[in-house]
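Structure assessment
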4 protein chains.
Amino acid sequence: MKLWGGRFQKPTDPVFEEFGRSLESDQRLVVHDLETCLAHIKMLKEQSVLPEVEAAKLTDALETMLSELESGSPVEGDDEDIHSWVERILKERVGELASSIRIGRSRNDLVVTDFRLYVMAACREIQALLRELQATLVRRAEESKSSCLPGYTHLQRAQPVLLAHHLLAHFWSLERDHRRFGQCFDEADCCILGAGALAGSSWPVDPSISAKELGFSRILQNSLDGVSDRDFALQFLFCCATCATHLSRMAQELVLWSSSEFGFVRFDDAWSTGSSLMPQKKNPDPAELIRGKTGLFLGNLVELLTTVKALPLAYNRDLQQDKPPVFRSKEELSACLQVMNGTMATLEFKTQVMQAAAQDKGLLITDLADVLVRQGLPFSEAHHLAGRTVSDPDNLSGEEKSKVDSAWSELTLEKALKSRAHPGAAGPDSVKRQLESAREILSL
Amino acid sequence: MKLWGGRFQKPTDPVFEEFGRSLESDQRLVVHDLETCLAHIKMLKEQSVLPEVEAAKLTDALETMLSELESGSPVEGDDEDIHSWVERILKERVGELASSIRIGRSRNDLVVTDFRLYVMAACREIQALLRELQATLVRRAEESKSSCLPGYTHLQRAQPVLLAHHLLAHFWSLERDHRRFGQCFDEADCCILGAGALAGSSWPVDPSISAKELGFSRILQNSLDGVSDRDFALQFLFCCATCATHLSRMAQELVLWSSSEFGFVRFDDAWSTGSSLMPQKKNPDPAELIRGKTGLFLGNLVELLTTVKALPLAYNRDLQQDKPPVFRSKEELSACLQVMNGTMATLEFKTQVMQAAAQDKGLLITDLADVLVRQGLPFSEAHHLAGRTVSDPDNLSGEEKSKVDSAWSELTLEKALKSRAHPGAAGPDSVKRQLESAREILSL
Amino acid sequence: MKLWGGRFQKPTDPVFEEFGRSLESDQRLVVHDLETCLAHIKMLKEQSVLPEVEAAKLTDALETMLSELESGSPVEGDDEDIHSWVERILKERVGELASSIRIGRSRNDLVVTDFRLYVMAACREIQALLRELQATLVRRAEESKSSCLPGYTHLQRAQPVLLAHHLLAHFWSLERDHRRFGQCFDEADCCILGAGALAGSSWPVDPSISAKELGFSRILQNSLDGVSDRDFALQFLFCCATCATHLSRMAQELVLWSSSEFGFVRFDDAWSTGSSLMPQKKNPDPAELIRGKTGLFLGNLVELLTTVKALPLAYNRDLQQDKPPVFRSKEELSACLQVMNGTMATLEFKTQVMQAAAQDKGLLITDLADVLVRQGLPFSEAHHLAGRTVSDPDNLSGEEKSKVDSAWSELTLEKALKSRAHPGAAGPDSVKRQLESAREILSL
Amino acid sequence: MKLWGGRFQKPTDPVFEEFGRSLESDQRLVVHDLETCLAHIKMLKEQSVLPEVEAAKLTDALETMLSELESGSPVEGDDEDIHSWVERILKERVGELASSIRIGRSRNDLVVTDFRLYVMAACREIQALLRELQATLVRRAEESKSSCLPGYTHLQRAQPVLLAHHLLAHFWSLERDHRRFGQCFDEADCCILGAGALAGSSWPVDPSISAKELGFSRILQNSLDGVSDRDFALQFLFCCATCATHLSRMAQELVLWSSSEFGFVRFDDAWSTGSSLMPQKKNPDPAELIRGKTGLFLGNLVELLTTVKALPLAYNRDLQQDKPPVFRSKEELSACLQVMNGTMATLEFKTQVMQAAAQDKGLLITDLADVLVRQGLPFSEAHHLAGRTVSDPDNLSGEEKSKVDSAWSELTLEKALKSRAHPGAAGPDSVKRQLESAREILSL
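Residues numbered from 1 in each chain as written. Chains lettered and ligands numbered in written order. Predicted model: local features only at pLDDT ≥ 70, side-chain atom pairs only at ≥ 80, totals over all residues. Heavy atoms only, no water.

**Looking at helix α12 (residues 323-346) of chain D**
In an α-helix, one turn spans 3.6 residues, which is why side chains three or four residues apart end up on the same side. Our working definition: Put simply, DSSP marks the helices as runs of H or I at least four residues long and the strands as runs of E at least two long, and each gets a number from the N terminus on. To estimate the expected span of a helix, subtract one from its residue number and multiply by 1.5 Å. The buried label goes to any residue with under 20% of its type's maximum accessible area, the exposed label to any with over 50%, and the partly exposed label to all in between, with areas taken from a 1.4 Å probe on protein chains only.
Between its first and last C-alpha atoms α12(D) spans 35 Å; for 24 residues at 1.5 Å apiece the expected length is 34 Å, and the two agree. Of all the 24 residues making up α12(D), 17 are buried; the element is thus mostly covered by neighbouring parts of the structure.

Structure (structure tokens):
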């Protein structure tokens, strides 16, 4: 069924029909579409546009459709889009009356409203998955107790850090993702029913009624903008892309740490794979796949930014392309978060290997320089002297040697960690406070 | 001057030195760097790490440098980066003491703090430019009174809208940009001094003192995250890219509207160009350049997202590449906003041409269908009949004709506009309320 | 069935199993995979690695599978990937012998070989669709005879051009696409069987035998590079993206030209759509959808470029993500080309409207200046004077007026077009030669 | 000086003037612009459009300008673009005659011709830098003799490879870059002088004369396409982006290999940096910067692809934005190649550490399975048994143990490498042949 065609004298070419059809992709919106129809009818009834008895008939039929869908009834057919499917099924139930759902609205405002509901739900779902992964990180951090490992810059060993501190670093980046998805929810939380095709409606529609019915906090401010605006979708794709870069960084570390050379972790058998050729292999595939999918999230963001570039107001059919990247990003990010959670939850930390690496004396050279400064050397001199104990130990003067020896006598790995006690630092006191904040955030 | 080198036995190769140098680009940070140094010294003094007299000497010298810069003194030299430049100049003034500014901090936390200050200032500057453009749109909307033009979907004439409504559509998209830059400010508003190179400091630093001094609302939560996190820069680039898509859409309309075929606007002589070959040409170059620069903002966002992909914690030198795209996006977006403002402020709207186009009877066919529905036809039938008055007027039955004629008799352009009165609609009542809201937002 | 697992003591977690499964996407490779297996077995037999009788059994079974697939037998199951599916089915037919197809090769070299065959076929398929669209453009250009329209720069009317010239402009950009897909074919045309997992094989494999069998022109040069290299896929995605920008430009023109304001074309009823709300609408949706999909092709290119960034040699599981963007780009570009072809083939050119627009005297001002130069004025003076005939006609001196009048007397639209006769110019002689070249390229 | 303005009654607004000015960026084209002017004048003279004496005057003046530039004379002024600068200087020398260089051409065809010459030169320059890096890889490969190291998949040790084989893997990926830049050269190698603004010229211009003079192999086929086409620039940006991904992969390995954990290489003091805080650090900055810049090349490609999206024919001012990304990519890629070359040329390979890692018995498990197959086990069984020698050695049956022991007795690292002898394999015979091919390619 087509919702148009009055002035067309030829059927649509099948190649073009197939090209333009969005039903398969957009059936993800079906529940939102039915809810939006219900809210619209309620509004039309309250505004006396639709007689009560007609409204009741439509409402009954739509609610039946909703419950059928919930029982697993499929969305099928060669309809152009999800809205045509809804109206076709509705027509099978209530006859010509079905077309009354189009009074005072257009597919242009309908589809944006559906899509906003989808994005709002997606934000909440991803926030919940973020919380799960954050909780796993907190649990693993607590279990890791006082284990420490080298902290790296430039992938060179730099200074010692607690393993818990390292795990919590990722907790905080996910916390930013959680906040951003919250902002994205707010951005999407605006009902644009009433915008019609582009100019609003000649019927006495009241957007606030349908908005309230659907749980939106805000309504449209301008109909042209309402049907043209896809900022909420862009923002969603950006949130996904940024979150994906965070996961890619965690993933990269897991790949590194599971190598023979680092040997800091062992993937669980249930969360790794083998080789069809090399029977000794145990591969960190979950991490690699997550890292590899980063490109997908960037690509989806680029896709929609490019699509909206230079479109004049108001609706253009280009905008049909707004949903596939959002659907893909949402589904793939949900999967990545679950897989990262499963991997992280079952990972074996080889804390003895980490601890051994943390014994590398080079990790304390900063502290050595700090002690030398406390002993009265200017910073640059202390830094230089400490450096020479590594690069040129044989040419230190006797005085230099004794200064350095006396400084070393004050230093241990434990002291170095302990001394990093200020907010945000890598030592046990700071980590204890971070864990408390984290538990509060998670309501644990 | 290099801030390192104790263990190096060869000078840096000049090709690599040039490759790694960031001074030219990063001198945009110099004022922030000096302010950060001042705040750091104040903290070191209050925490009794630095004796008062040394702190005073350093403070005096840094403040002198600040005021010299404000008087136009240049940042020059073959220093590696802006921090090395600051310390070199400082050393010329206070000798070895200069290196004390490195106590309890590293370039890793310093540069992020500088960069966050830059992004915060950039957000405020862009927000101000957005407000200017929004004010111009409001002014032009008010001046346009009851002028109307066709509203378009698919670039086909669809329904009539007030010119003011069309201009305000852009006001609201810029309002979202304003909100987003505010969120970006909040994201950047976190002082990470104290993170040191990656693990915090063995000195009794108090991050909250320096944060307060610099006007930050929050401090770091985790040192590893603090030196690794570039979310604020990504968010800035995303805000710029989204804003650029809005400008590209306005620009696209200006290009269309200034064509002979539309003829809706005339660019001011001061805001357009001619041709070296075709003397009759008057080209909408400001709009084309703005539209053409959209790619730049997308490219910059992709650039940084790609750079941070899969970097293990904590600092990696790759992150030096975070600033050029941010600087470019900020500078280019500021310019685009000013140029759009100048163009919009001086644009001549040819309201008679618009008005004539708005007389196109096709624009009222939706209203015709609405009237037919009110007269009792089911929506689909009314829609079909209204369509046939366009595609197949000769084959209407007598009854159909009389229905249609009676419906037409109720319709005028003015009535159609007037009837679109609900919130967000394209008619005069809605526009009046939009203008009130807009003036309130702008505090006009 | 898994092709690995000897050392694993736990089953794969179902969430991860689902995450890593590629069968649904990669079944597009099944025919290539079977062909590659057949070629590999032939090589193993010729190199006396596999006894003739075993090779024959395997070959028979694989050929049966091939013909079953051709008869529509589906690829189904919960196998990890297409290679596991093939081996599982093969095992059902020939028992343990099935695993012999893994002798001397790995999934790493197998999948790249399959993928290269896919890309090669895709290049040829897209080249054929390009040729169809080019042929349509040539046909439409020939039909348009001497119709002319304004040529635009900055979307401002600039100089007259033949409609055929305009259509051929697009012919030539598609010709570059055709060339590029040919280069991409050559890039993909390299068999890397023999690379094994990463290091080649300890068996006496002869890559040139399997390459010849599969129709490849070249074989691998380095096994590490062989399993890591995805340049051919990047190049394919780039060719698609560039071609998509060409289509977006054609599409943009069709959208413009079908507007009421231009009125240069009318979309066929079979290649346009209507509105669910506005019965009078006839929308250029094929063009808008093609334009809107540009983002998809850019996104796919960004996706894979990002995925391969910074992967160490040799194979990493990230590379599983190489195929979905290639499949999407190939399928979507094929559809776009067919839809553009159908649209272009059925488009009605309103040549009278175009012709009327081409009468705009402004289009001849360049020619006016040229005549003034021929009459002895320096170019800059001629250009200036010609410009003033537009901007300030009332203030020309008597002498200027007579110069201009005399120049105008030499000018007509036809002469202007006729005079543009050199290679590549917009006039009839040049267009005739272009059409000859085009027909030769298309072997028409 | 402006090349237009006849019909303009107000000066350009300074904000817009600054916005539109391209002189600073485009002065990189100045030599090409002068050469193009010279070729154009020669053509005009030969076609008798320009009297010999005028042509001679212009030629002399332009040649003087060229030699002044070569002596370091700067390109300065507040001119709009490089073409205006050239004409202004020319006018200072020859008066009004200067404007004759505009006869029969426009800035639209001029700037594309300049730009194509730039891209052609850039391709050749980058090809030369690729050859240098390839030569360094060959030299280092030859020096590495029979050194071997573990080959990795999934960053897990997989099978042994010769270091030379590993280095040559990168040689071959650069060889593909070299080929691609050659194709890009061919794409750019087309003179479009004669296209004029968009429609060709009314003068009897002969594009083949100017093309020959400038060293182009081909001339324009269609003027509209000629001024609109930027495929050559897109292709250049793609070649740069792909090459950058190759460099990022080499860089990633250098970062990994220089870590304490791998310890396979040591960066030269002249090609690494230290830390302002941690005096023991030696950081692989050249590699990190190269890896970090990958984003820049992707961003530039996205930038231009986005810019050209949906531009109608012919020239639009958006296209001014085509050059900055090309200039940046060219300059940055040249630098990256030089820095990678310097780093690679001076890198210390710690072959003993590599060799020790290559002793890992796990690396021979594939070969173990191969031997078991040769001893008569089906592949899947052999693979399974070999796997259990790693995962579950204690539960092998006596028979299994003796099979395995007998298989191990045939295996050594040297034999494993030696057996990989077929084309492209990781063993010494294959590497010898690769080196011969490489030397031939480099004409060494």
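**A closer look at the relation of the copies chain A and chain C**
As a reminder of what qualifies: Here the copies are superposed with least squares, the fitted atoms being C-alpha atoms of residues at a pLDDT of at least 70 in both. By definition in these notes, contact holds between two residues if any of their heavy atoms fall within 4.5 Å.
With an axial shift of 0.0 Å and an RMSD of 0.0 Å, the rotation relating chain A to chain C amounts to 180 degrees. These values place the two chain copies in the arrangement generated by a two-fold rotation axis. Looking at the rotation axis and the C-alpha trace of chain A, the residue lying nearest is Gly299(A), at 1.9 Å. In this assembly, 100% of the residues forming the interface of chain A have copies in chain C that are likewise at the interface, indicating an isologous arrangement.

**Topic: the domain arrangement of chain A**
Residues and elements named next belong to chain A. Cut-off, in case you're wondering: How far each domain reaches was decided by an automatic or database domain assignment. Buried surface area refers to the total accessible area, computed with a probe of radius 1.4 Å, that the two partners give up upon joining, counted for both partners together. Any Lys or Arg side-chain nitrogen found within 4 Å of a carboxyl oxygen on Asp or Glu counts as a salt bridge.
Partitioning chain A into structural domains gives domain 1 (16-103), domain 2 (116-146 + 164-188 + 226-355) and domain 3 (362-435). Of the residues lining the interface, ten residues belong to domain 1; the matching set on domain 2 comes to eight residues. Of the roughly 780 Å² buried where domain 1 meets domain 2, counting both sides, 57% is carbon and sulfur surface. By the criterion of area lost to domain 2, the three top residues of domain 1 are Arg 28, Leu 29 and His 32, representing 53% of everything that side buries. Across the contact surface, domain 1 and domain 2 share one salt bridge. Residues Arg 28 and Glu 331 are paired through a salt bridge, measuring 2.6 Å at the closest nitrogen-oxygen approach.

**Describing the packing of helix α10 (residues 231-257) of chain C against helix α11 (residues 285-308) of chain D**
Put simply, the test is: Lines fitted to C-alpha atoms define the axes here, with helix axes fitted over just the stretch in contact, and angles between the N-to-C directions of these axes take values from 0 to 180 degrees. Under this scheme an angle from 65 to 115 degrees is roughly perpendicular, one under 35 degrees roughly parallel, and one over 145 degrees roughly antiparallel; angles in between are oblique. Residue type decides the class: Asp, Glu, Lys and Arg count as charged, Ala, Val, Leu, Ile, Met, Phe, Trp, Tyr, Cys and Pro as nonpolar, and the leftover types, Gly among them, as polar.
As a packed pair, α10(C) and α11(D) sit with axes 9 Å apart at the nearest point and diverge in direction by 25 degrees. Taken together, α10(C) and α11(D) sit at an angle that is classed as roughly parallel. Packed against α10(C), whose contacting residues are Phe238(C), Ala241(C), Thr245(C) and Arg249(C), the element α11(D) presents Leu301(D), Leu305(D) and Val308(D) at the interface. Residue composition of the contact of α10(C) with α11(D), grouped by class: five nonpolar, one polar and one charged.

**Topic: unusual backbone geometry**
Cis geometry is adopted by the peptide bond preceding Ala314(A), which originates at Leu313(A) and carries an omega value of -5 degrees. Relative to the helices and strands, Ala314(A) is located in the loop between α12 (294-308) and α13 (323-346).

**Description of helix α4 (residues 52-70) of chain D**
All names here are of chain D. The condition that has to hold: Working definition: the arc comes from the directions between the helix axis and the C-beta atoms, pointing outward to the latter.
Here α4 contains 19 residues, and its C-alpha end-to-end distance of 27 Å stays within 8% of the 27 Å for a straight helix at 1.5 Å per residue. By the burial criterion, the buried members of α4 are Ala 55, Leu 58, Ala 61, Leu 62, Met 65, Leu 66 and Leu 69. All buried residues of α4 lie within an arc of 145 degrees about the axis, which places them on one face of the element. In α4, the exposed residues that point more than 90 degrees away from the buried face are Glu 52, Val 53 and Glu 70. Positive backbone phi, at 100 degrees, marks Gly 72, one or two positions downstream of α4.

**Notes on the interface of chain C and chain D**
Selection criterion: Pairs of N or O atoms within 3.5 Å make up the polar contacts considered here, provided that, within protein, one atom can donate a hydrogen while the other can accept it, and that residues adjacent in sequence are counted only when both atoms are side-chain atoms.
Each partner contributes residues to the interface: chain C has 103 residues there, and chain D has 103 residues. Regarding the contact of chain C and chain D, the summed buried area is about 8600 Å², with carbon and sulfur atoms giving 57% of it. The tally of links from chain C across to chain D stands at 14 salt bridges. The closest approach of N and O atoms between Arg176(C) and Asp231(D), which form a salt bridge, is 2.8 Å. Applying the counting rule to chain C against chain D returns 54 residue pairs in polar contact (both at pLDDT 80 or more). Per-element tally for the side of chain C that touches chain D: the top contributor is α10(C), with 13 residues. Of the residues that constitute the side of chain C that touches chain D, the class distribution is 42 nonpolar, 40 polar and 21 charged.

**What to know about the interface of chain A and chain C**
In this complex, chain A contributes 61 residues to the contact, which on the side of chain C involves 61 residues. With both sides pooled, the region where chain A packs onto chain C buries about 5600 Å², and carbon together with sulfur makes up 62% of that total. Of all residues in chain A, the largest losses of buried area upon contact with chain C belong to Phe16(A), Phe19(A) and Ser276(A), amounting jointly to 14% of the total for that side. At the boundary of chain A and chain C, one finds six salt bridges. Asp318(C) is the salt-bridge partner of Arg291(A), the closest N and O atoms lying 2.7 Å from each other. Viewed at the interface, chain C and chain A are joined by 18 residue pairs in polar contact (both at pLDDT 80 or more).

**Some words on the relation of the copies chain C and chain D**
Of the two same-sequence chains, chain C is brought onto chain D (RMSD 0.0 Å, axial shift 0.0 Å) by a rotation of 180 degrees. A symmetric contact is evident, with 100% of the interface residues of chain C recurring at the interface of chain D.

**Some points on the pattern of salt bridges**
Going through the model one piece at a time under the given rule, you end up with 158 salt bridges over all chains. For the salt bridge of Lys323(B) with Asp322(B), the shortest nitrogen-to-oxygen distance reads 2.8 Å. Like Lys323(B), the residue Asp322(B) is buried in the burial classification. Residue Arg21(C) is joined to Glu18(C) by a salt bridge in which the shortest nitrogen-to-oxygen separation is 3.3 Å. Here the salt bridges do not stand alone but share partners, grouping Arg116(A), Glu187(A), Asp225(A), Asp229(A), Asp231(A), Arg176(B), Asp177(B), Arg179(B) and Arg180(B) into one network.

**Re the pairing of strand β2 (residues 156-162) of chain D**
Remark: a regular strand shows side chains that alternate across the two faces of the sheet. All names here are of chain D. The condition is simple: Pairing between strands is defined by DSSP: at least two bridges between the two strands are required.
Among the seven residues that make up β2, seven are buried, leaving the element largely enclosed by the rest of the structure. Relative to β2, strand β1 (residues 148-153) is paired through six bridges, and the arrangement is antiparallel. Bridging across to β2, Cys 148 finds its partner in Leu 162. The turn linking β1 back onto β2 is made up of two residues, and His 154 within it adopts a positive phi angle of 60 degrees.

**Comments concerning the packing of aromatic side chains**
The criterion, for reference: Note on aromatic pairs: the rings of Phe, Tyr and Trp (six-membered ring only in Trp) are paired at centre separations within 6.5 Å, and the planes decide the class, stacked below 30 degrees, edge-to-face beyond 60, tilted for the rest.
Overall, the coordinates contain 38 aromatic pairs over all chains when judged by the stated rule. Each ring, one from Phe262(D) and one from Phe264(D), has its centre 5.6 Å from the other, and the planes form 90 degrees; the classification is edge-to-face. On the basis of relative accessibility, which here comes to 4%, the residue Phe262(D) falls in the buried class. Given the relative accessible area of 1%, Phe264(D) is considered buried. Through a chain of ring-to-ring contacts, three or more aromatic side chains come together here, namely Phe115(A), Tyr118(A), Phe232(A) and Phe327(A).

**Notes on the side chain of His170(B)**
Inspection of the secondary structure assignment puts His170(B) in helix α7 (residues 163-188). In this structure, His170(B) is in contact with Leu313(A), Leu137(B), Met250(B) and Glu253(B), ignoring residues within four places of it in sequence.

**Notes on the packing of helix α14 (residues 365-374) of chain D against helix α15 (residues 379-391) of chain D**
Residue and element names in this part refer to chain D. Heads up, the condition is: Handedness of a crossing follows from how the near helix is turned relative to the far one, being left-handed for an anticlockwise turn of less than a right angle and right-handed for a clockwise one.
In contact at an axis separation of 8 Å, α14 and α15 are set at 135 degrees when each is read in the N-to-C sense. Considering the angle they form, α14 stands oblique to α15. The way α14 lies across α15 gives a crossing that is right-handed. Judged by residue contacts, Ile 365, Leu 368, Ala 369, Asp 370, Leu 372 and Val 373 of α14 engage Phe 379, Ala 382, His 383, Leu 385, Ala 386, Thr 389 and Val 390 from α15.

**As for the side chain of Asn316(C)**
With respect to the helices and strands, Asn316(C) occurs in the loop between α11 (285-308) and α12 (323-346). Within the structure, Asn316(C) has its side chain in polar contact with the backbone oxygen of Pro312(C) (distance 2.7 Å). What Asn316(C) contacts, discounting residues up to four positions off in sequence, is Glu288(A), Arg291(A), Leu311(C), His154(D) and Leu155(D).

**Things to note about the state of the cysteines**
Let me state the cut-off plainly: To count as a disulfide, a pair of cysteine sulfur atoms needs to be within 2.5 Å.
Counted under the stated rule, the structure contains zero disulfides over all chains. Cysteine Cys239(A) is unpaired, with the sulfur of Cys184(A) as its nearest cysteine sulfur at 4.8 Å. Cys239(A) sits in the buried class, given a relative accessible area of 1%. Its sulfur unpaired, Cys191(C) is 7.4 Å from the next cysteine sulfur, which belongs to Cys190(C).

**Thoughts on the environment of Glu400(A)**
Residues and elements named next belong to chain A. By secondary structure assignment, the location of Glu 400 is in helix α17 (residues 398-408). Judged by its relative accessible area of 22%, Glu 400 is partly exposed. Separated by 58 residues in the primary sequence, Glu 400 and Gly 342 have C-alpha atoms spaced 52 Å apart. If sequence neighbours within four positions are ignored, Glu 400 has contacts with Leu 385, Arg 388 and Asn 395.

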